[in-house]
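Residues per chain, in single letters:
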Amino acid sequence: MDPREHWIEGELEELRQGHRFRRAAAPPSGLLNFSSNDYLALARHPAVIAAAERALHAAGAGATASRLVSGTTAWHEALETRLARLKGYPAALLFGSGYLANLGILGALVGRDDQVLADRLVHASLMDAAVLSRAELLRFRHNDAQHLDELLQKNSGGRRRLVVTESLFSMDGDLAPLPELAAVAERHGALLLVDEAHATGVFGSGGSGLVRAHGLESAVNLSMGTVSKALGGYGGFVACSEALRALLVNRARAFIYTTAPPPAAVGAALGALELLEQNPGWGAELLRRAAVFRAALCAAGLDVMQSASQIIPIQVGANARALELAEKLRAAGLLVIAIRPPTVPEGTARLRLSVTLAHSEDDLARAVEILQRVCRA
Ligand SMILES: *Cc1c(COP(=O)(O)O)cnc(C)c1O
């Protein structure tokens, strides 16, 4: 072994010992998939694939440059217009991914003399973005607007303050109290960013998300989302005012210093948005099926935590136990992933199930039967 890499085996062994070791392997085929974020089953929709093909043939395999150089195409502009309309904002800006969007936004808006106030359970991309921004990071208790209020009261220093939360939490499936959080942020003059990665396409009329469902477009400065979940493709974005968009175009390093998203991805997103507009009831139908599934899991004696969405965790606790259950579920025909720290807090390992429109009523009934048998054994 190369002597410079000697330390690596020790680190890997530590991960294995803590049942935290992970691999990026293709899952076996033929399993009933409960780990996909393709909530509306759009990734393989013929109309989405056709839209991707049109853009691919018209504009090429790659964007060939960053957005500020010559990478912007009419497709990119059309997608941003469409995303702004979906979200009910004056403007939108497309990024390479949701991760890059969060990195770009926070880096552009806050710096050394500023503060970020984040819900304790926000996604790793928001945590990384906060750390990289060099702003002071304060974390408020999960979904606790009162605690946010206290933190803003106590820490009134700082040049600029930015509150960040998700509207639908990715590992818990619960919803943020957006009206309360928005009122607190507004009262303290703090900017508010809401990450709608999992709510976009699912919640709100026509899949516009929870910010719009609550009529909070003017109270939430930045409504961030991704094309990579319910829209079935790839790419991140933020809906905001024209002024904020112009600032991000000029300051967001994760927007400026990377190649523009490839035309095929942009075309696919446009195709997905077109379908969403033609089928405004899809999100509501998904949530209806998820509610039935959740009720059946509860009736089977499983702890689904605070889930109120298509994301349904089953509380387990220990890493080893979560892994063992995921393995047994796999043997029984279900693809369910064990979610462990650091993705979730220590001691809260869980199975994370997501319901999608690809699941039939029969699939869901079968899954309840298997989950009950395996998890309660
Ligand atoms: C998935 C996710 C992201 C990142 O989006 P990508 O497009 O996959 O990079 C950001 N925030 C939340 C809450 C997410 O779940």
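Refer to the structure above for everything that follows.
A brief structural summary. (Residues numbered from 1 in each chain as written. Predicted model: local features only at pLDDT ≥ 70, side-chain atom pairs only at ≥ 80, totals over all residues. Heavy atoms only, no water.)

Here we look at the site of the ligand
Condition: The rule for a residue being near a molecule or strand is that one of its heavy atoms must lie within 4 Å of it. Residues adjacent in sequence count toward polar contacts only when both atoms are side-chain atoms; beyond that, a polar contact is any pair of N or O atoms within 3.5 Å, and within protein one must be able to donate a hydrogen and the other to accept it. Areas reported as accessible are Shrake-Rupley estimates using a 1.4 Å probe. Residue values count occlusion only from the protein chains shown. Helix and strand assignments come from DSSP, with helices taken as H or I runs of at least 4 residues and strands as E runs of at least 2, each series counted from the N terminus.
What surrounds the ligand is a group of 14 residues, the closest being G98, D195, H198, T226 and K229. Take D195: an N or O atom from its side chain is 2.6 Å from a nitrogen atom of the ligand. Between the ligand and S228, the relevant distance is 2.8 Å, taken from an oxygen atom to a side-chain nitrogen or oxygen of the residue. Starting from 380 Å² of accessible surface for the ligand in isolation, the protein chains cover 88%. Sorting elements by how many residues they give to the shell around the ligand places helix α5 (residues 98–109) first, with 3 residues.

So, the sheet that holds strand β2 (residues 91–95)
Stated formally: DSSP-based pairing: two strands are paired if at least 2 bridges between them are found. To get an axis, a line is fitted to the C-alpha atoms, and for a helix only the part in contact is used. The angle between two axes follows their N-to-C directions and goes from 0 to 180 degrees.
What the 7 strands build is an open sheet, ordered β2-β8-β7-β6-β5-β3-β4; its pairing is mixed. On the outer flanks of this sheet lie β2 and β4 (136–140), each paired with one strand and no other. If you compare each strand with its neighbour and ignore which way they point, the axes differ by 20° on average. In terms of strand pairing, strand β3 (residues 115–119) meets β4 through 5 bridges, oriented parallel.

Things to note about the nonpolar core
Defined as follows: Throughout this description, the term nonpolar core refers to a set of buried Ala, Val, Leu, Ile, Met, Phe, Trp, Tyr and Cys residues connected via side-chain atoms within 4.5 Å. Each residue is assigned to one of three classes by its accessible area relative to the maximum for its type, calculated with a 1.4 Å probe on protein chains only: buried under 20%, partly exposed between the two thresholds, exposed over 50%. Domain delimitation follows an automatic or database domain assignment. Contact definition: two residues touch when any of their heavy atoms are within 4.5 Å.
Membership of the largest hydrophobic core comes to 114 residues, with the highest contact counts inside it found for I105, L106, L222, F293, L351 and L371. When residues of this core are assigned to domains, at least three map to each of domain 1 (46–278) and domain 2 (281–376). Those residues within four positions of F293 in sequence are excluded, and the remaining contacts are F34, I312, L353, V355, L364, A367, V368 and L371.

Re helix α8 (residues 178–187)
We count it as follows: Directions drawn from the helix axis to the C-beta atoms are what define this arc.
Of all the residues in α8, the buried ones are L178, L181, A182, V184 and A185. Taken end-on, α8 shows its buried residues confined to a sector of 165°, consistent with a single buried face. The outward face of α8, more than 90 degrees from its buried face, is lined by the exposed residues E186 and R187. Structurally, α8 contributes buried residues whose contacts are with β4, α7 (145–154), β5 (161–166), β6 (191–195) and α9 (210–213).

Quick notes on the packing of α7 against α8
Put simply, the test is: For classification purposes, an angle smaller than 35 degrees is called roughly parallel, one larger than 145 roughly antiparallel, one from 65 to 115 roughly perpendicular, and anything else oblique. Following the grouping adopted for this structure description, the nonpolar residues are Ala, Val, Leu, Ile, Met, Phe, Trp, Tyr, Cys and Pro, the charged ones are Asp, Glu, Lys and Arg, and the polar ones are all others, Gly among them.
Contact geometry of α7 with α8 gives a least axis separation of 9 Å together with a crossing angle of 10°. One finds that α7 runs roughly parallel with respect to α8. Taking contact as the criterion, the partners of A145, L148, D149 and L152 in α7 are, on α8, E180, L181, V184 and R187. A per-class count over the contact of α7 with α8 returns 5 nonpolar, no polar and 3 charged.

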